[in-house]
Amino acid sequence: MDAIIENLPRFVDGFLMTLRLLVISGAGALVLGTIVAAMRISPVAAFRGFATVYTELLRNTPLTLILFFCAFVLPILDVDFDYVTFALIGLTFYTSPFVAEAVRSGVNGVPVGQAEAARAIGLDFRQTLGAVVLPQAIRMVIPPLINVLIALTKNTSVAGGFAVVELFATSRQIVQLRGDEVIPIMLGIAVLYLVITVPLGQFAGALERKVAVLR
Amino acid sequence: MTSVLYDVPGPKARRRSLLISILGGLVILAGLAAIVVMLAAPRVNAGGVETPGMFDPSRWDILADRALWRTILQRGLLATLQMAAVAAVGALVLGVLLSMARTARTAFIRIPAIIVIEFLRGMPVLLLMLFTLLVFSTGAYWAGVIGLVLYNGAIIGEALRAGINSLPRGQRESGLAIGLTPLQTRFSIEFPQAFRQMLPIIIAQLVVLLKDTSLASIIGYQELLNIGLRQATTTFGSRYLFTLFFVVLAVYLAVNLLLSWLARLLARRTASGRGGRRTKQAARVVQQLGGAGMAGTQLPVTFDDRSGGAFPSGSGSDSGASGGSGDGGGNP
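Here is what the cut-offs are and how they apply
Residues numbered from 1 in each chain as written. Chains lettered and ligands numbered in written order. Predicted model: local features only at pLDDT ≥ 70, side-chain atom pairs only at ≥ 80, totals over all residues. Heavy atoms only, no water. Helix = DSSP H or I, 4+ residues; strand = E, 2+ residues; numbered from the N terminus. Buried < 20%, exposed > 50% of the residue type's maximum accessible area, 1.4 Å probe, protein only. Areas by Shrake-Rupley, 256 points an atom, 1.4 Å probe, with all protein chains shown as cover. Contact = heavy atoms within 4.5 Å. Lys, Arg positive; Asp, Glu negative; His and termini not counted. Charge placed at Lys NZ, Arg CZ, Asp CG, Glu CD. Axes fitted to C-alpha atoms, helices over the stretch in contact; angles between N-to-C directions. Parallel < 35°, antiparallel > 145°, perpendicular 65-115°, else oblique. Left-handed = near helix turned anticlockwise from the far one by under 90°. Nonpolar A, V, L, I, M, F, W, Y, C, P; charged D, E, K, R; others polar. UniProt positions renumbered as here; feature names shortened; annotations may be inferred. pLDDT = per-residue confidence, 0-100. Salt bridge = Lys/Arg side-chain N within 4 Å of Asp/Glu carboxyl O. Phe/Tyr/Trp six-rings, centres within 6.5 Å; stacked < 30°, edge-to-face > 60°.

**Q** What's the story with the overall build of chain B in this structure? I'm lost.
**A** From N to C terminus, chain B includes 12 helices and 2 strands. When its helices and strands are written in sequence order, chain B yields α-β-β-α-α-α-α-α-α-α-α-α-α-α. By residue count, 51% of the 332 residues in chain B fall in the buried class. As displayed, chain B offers around 14800 Å² of accessible surface, 67% of which is attributable to carbon and sulfur atoms.

This is the structure:
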């Protein structure tokens, strides 16, 4: 236990860095992913094709490879940021196709009949979208989106392998200082991850039950 | 083309959409071309030394080198596949065990199983690997394998459990009625069906597992990424880094896309005809449990998903399980 108490500030720093990676790249991925999803469900064929290729390629590339690209290949191309920014960029791009898929499946999950019925009773495009389609789509999209964010939380650990001092890298550092207390240190780090992931999961589950659209 | 958001387009809308399509396509192409031109331009270092552009032949001649392919494919890819194969078998075994424990009737077995599964699912794989490496000093290979087995085993376990829960109750009852023990019922009646129903999800998870082997490079295992990028650049020179990146990327994409395609094929052949609503719910449970991690949205399940028809790209099939889409389509 001593090792944890001694290194409390480091734990806190690592935790805050993990949170920062999660919040910023999560927000970035939500924006980027929504744009890609919009392209994917738009009537314009060129956008659909581009979005499909983008999703398929990024989704099948390991995050490690993407972060490697950011950390070691981009500098050759004269793109120079610090490692934290690179990690934020890499995580944003890696997460965006998963966001896009969640959003797309939610919007497509609204039965056509709903929009048809809305139009049949004389609602115009804006009313159809705002009062009928979007409310249902958003309800179905949020729980899977939270799942994506949970996965992102776990993925931030990969940034720790690329010189970003977040929780995973912190655990390595502290273990090097206090090799005699490996297990308590690792468990401490594990708990800090669970502090983020478990409540998010509970929230997603509760939300899913609460806003479920019954059909 | 039917979608929630717009009507079947008429001639005018189709013309407009074609116009936007061409313009949009041109914009996208122009963006890509700009990147290519930027990459191709030679650049001058701080020291005034000019290095050739990224598409200069001197950066790509390495592709003709046999030694490179031997290094990347024979050593790198092999090491990656080896780890993935061993970990996949382990994860399947652990998954079966965990799903058994999770559905046990005794609370003494069930509750610890729930805790273990929850714990493993909420952990980064990388941390599990590092933990194994440090605590059990197994060496990077086994640390990687064990980390992958623990994480993916928990998720496959949940998938199997959802599969078992989705079976009609009569399956188990009739097994017991003809005099099988509960264990026999489970193994000869319930598991085969659950496994078959969840096969696409399990394969999707195996794709994730294959991708995650690259995490082992962080704890020092020599796999595709490590050998293909770090080692190869020290052997062949760092000016090839850019080229090598694309080679490694291509190898990963080839393997992963092949597996994803296989999962979709299997999904179409096994799950589509049967199951219906119950399977959908089971798939959703897994996804919702945070299951398949990122792959949650990648479940290649083809329950009569409407969007499958709406998007001729053939990739509509993979949206079935997430967010409970597709549900409702055919069901009253």
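**Q** What exactly am I supposed to notice about the overall build of chain A here?
**A** From N to C terminus, chain A includes 9 helices and 0 strands. Helices and strands in chain A line up, N terminus first, as α-α-α-α-α-α-α-α-α. Along the three orthogonal principal directions, the C-alpha set of chain A runs to about 70 × 45 × 25 Å. Counting only residues that meet the buried cut, chain A has 56% of its 215 residues in that class. Within chain A, residue pairs in contact and separated by at least 24 positions form 77% of the contacts whose partners lie at least 6 positions apart. With the model as given, the accessible surface of chain A reaches about 8800 Å², and the carbon-plus-sulfur share is 70%. One finds the centroid of the 15 positive side-chain charges in chain A at a distance of 13 Å from the centroid of its 14 negative side-chain charges.

**Q** Which parts of the structure should I look at to understand the packing of helix α3 (residues 66-102) of chain B against helix α9 (residues 224-236) of chain B?
**A** In a packed pair of helices, the relevant descriptors are the angle between the two axes and the axis-to-axis distance. Residues and elements named next belong to chain B. Direction vectors running N to C along α3 and α9 enclose 155°, while the axes themselves pass 8 Å from each other. It follows that α3 is roughly antiparallel to α9 by the angle criterion. Once α3 is placed against α9, the crossing between them reads as right-handed. Between α3 and α9, the contacting residues are A67, L68, T71, I72, R75, G76, L77 and T80 on the first element and L224, I227, G228, Q231 and F236 on the second. Taken together, the residues that form the contact of α3 with α9 break down as 7 nonpolar, 5 polar and 1 charged.

**Q** What am I meant to see in the UniProt feature "transmembrane region" (unreviewed entry) in chain A here?
**A** Residues and elements named next belong to chain A. Those residues carrying the UniProt feature "transmembrane region" (unreviewed entry) are residues 15-37, 57-77, 83-100, 145-165 and 185-207 in this numbering. With 100% helix and 0% strand, residues 15-37 has its two end C-alpha atoms placed 31 Å apart. Overall, residues 57-77 shows 67% helix and 0% strand. The separation of its end C-alpha atoms is 21 Å.

**Q** What am I meant to see in the UniProt feature "domain: ABC transmembrane type-1" (unreviewed entry) in chain A here?
**A** Cross-referencing UniProt, the feature "domain: ABC transmembrane type-1" (unreviewed entry) maps to residues 15-204 of chain A in the present numbering. Across residues 15-204 of chain A, the secondary structure splits into 82% helix and 0% strand, with the terminal C-alpha atoms separated by 22 Å.

**Q** Before we go on, may I ask you to explain unusual backbone geometry in this structure?
**A** Glycine aside, the phi torsion of most residues is negative, and most peptide linkages are trans. Its identity is not glycine, yet A163(A) carries a phi of approximately 65°, on the positive side. Its location among the elements puts A163(A) in the loop between α7 (125-159) and α8 (167-177).

**Q** Looking at this model, I keep getting lost on the UniProt feature "domain: ABC transmembrane type-1" (unreviewed entry) in chain B. Mind explaining?
**A** The UniProt entry lists residues 77-259 of chain B under the feature "domain: ABC transmembrane type-1" (unreviewed entry), expressed in the numbering used here. The distance separating the terminal C-alpha atoms of residues 77-259 of chain B is 15 Å; by composition the span is 83% helix and 0% strand.

**Q** Looking at this structure, how should I read the UniProt feature "transmembrane region" (unreviewed entry) in chain B?
**A** Taking the UniProt record as the reference, the feature "transmembrane region" (unreviewed entry) is found at residues 18-41, 77-101, 113-134, 140-160 and 241-267 of chain B. Between the end C-alpha atoms of residues 77-101 of chain B there is a gap of 35 Å, over a span that is 100% helix and 0% strand.

**Q** Help me out: how do you make sense of the confidence of the model for chain B in this one?
**A** Low-pLDDT stretches of the model should not have their predicted coordinates read in fine detail. All names here are of chain B. Looking at chain B as a whole, the pLDDT averages 77, with 77% of positions reaching at least 70. Under a pLDDT of 50 for its full length, residues 288-332 has, in the predicted model, 132 contacts with residues more than four places off or in other chains. Both scores are given for the predicted complex: the pTM is 0.82, the ipTM 0.87.

**Q** What's the story with the packing of helix α5 (residues 125-136) of chain B against helix α6 (residues 140-166) of chain B in this structure? I'm lost.
**A** All names here are of chain B. The N-to-C vectors of α5 and α6 enclose an angle of 135°; their axes lie 8 Å apart at closest approach. When the axis of α5 is compared with that of α6, the two are oblique. As α5 runs across α6, the sense of the crossing is right-handed. In this structure, α5 uses V125, L128, M129, T132 and L133 to contact α6, whose residues at the interface are A140, A143, G144, I146, G147, L148, L150 and Y151. Of the residues in the contact of α5 with α6, the class split is 10 nonpolar, 3 polar and no charged.

**Q** I tried to follow the pattern of salt bridges on my own but got confused; where do I start?
**A** Pairing between side chains becomes possible if they bear opposite charge and their charged atoms approach one another. Residue and element names in this part refer to chain B. Throughout the structure, instances matching the rule amount to 13 salt bridges over all chains. A salt bridge links E158 to R121, with the nearest nitrogen and oxygen atoms 3.8 Å apart. Here the residue E158 occupies a position in helix α6, and R121 occupies one in helix α4 (residues 107-121), the gap between them amounting to 37 residues. Across the pair, R121 and E158 agree in class, each one buried. In this structure, E158 engages R161 in a salt bridge whose closest nitrogen and oxygen atoms are separated by 3.2 Å. Here E158 and its partner R161 are both found in helix α6, 3 residues apart, which amounts to about one turn of the helix. When sorted by exposure, E158 lands in the same class as R161, which is buried.

**Q** Just checking my understanding: could you explain the environment of V255(B) for this structure?
**A** All names here are of chain B. When you line up the elements, V255 lands in helix α10 (residues 241-271). Relative accessible area serves as the criterion here: at 21%, V255 is assigned to the partly exposed category. Sequence separation between V255 and K211 is 44 residues; the distance between their C-alpha atoms is 9.6 Å. When near neighbours in sequence (up to four residues on either side) are disregarded, V255 contacts L77, L81 and L210.

**Q** Help me understand the environment of L215(B), please; the structure alone is not making it clear to me.
**A** Assignment of secondary structure puts L215(B) in the loop between α8 (182-212) and α9. For the pair formed by L215(B) and L148(B), sequence separation is 67 residues and the distance between their alpha carbons is 9.5 Å.

**Q** Before we go on, may I ask you to explain the packing of aromatic side chains in this structure?
**A** The relation between two aromatic rings is expressed through the spacing of the ring centres and the mutual angle of the planes. Residues and elements named next belong to chain B. With the rule as written, the count across this model stands at 11 aromatic pairs over all chains. Summarising the aromatic geometry, the rings of F242 and F246 are spaced 5.1 Å apart at their centres and angled 70° between planes, so their arrangement reads as edge-to-face. Residue F242 and its partner F246 are both found in helix α10; the two are separated by 4 residues, about one turn of the helix. Residue F242 is classed as buried on the basis of its relative accessible area of 2%. Note on F246: relative accessible area 35%, which makes it partly exposed.

**Q** Sorry if this is basic, but what is going on with the side chain of E190(B) here?
**A** Mapped onto the fold, E190(B) is located in helix α8. The class for E190(B) is buried, based on a relative accessible area of 5%.

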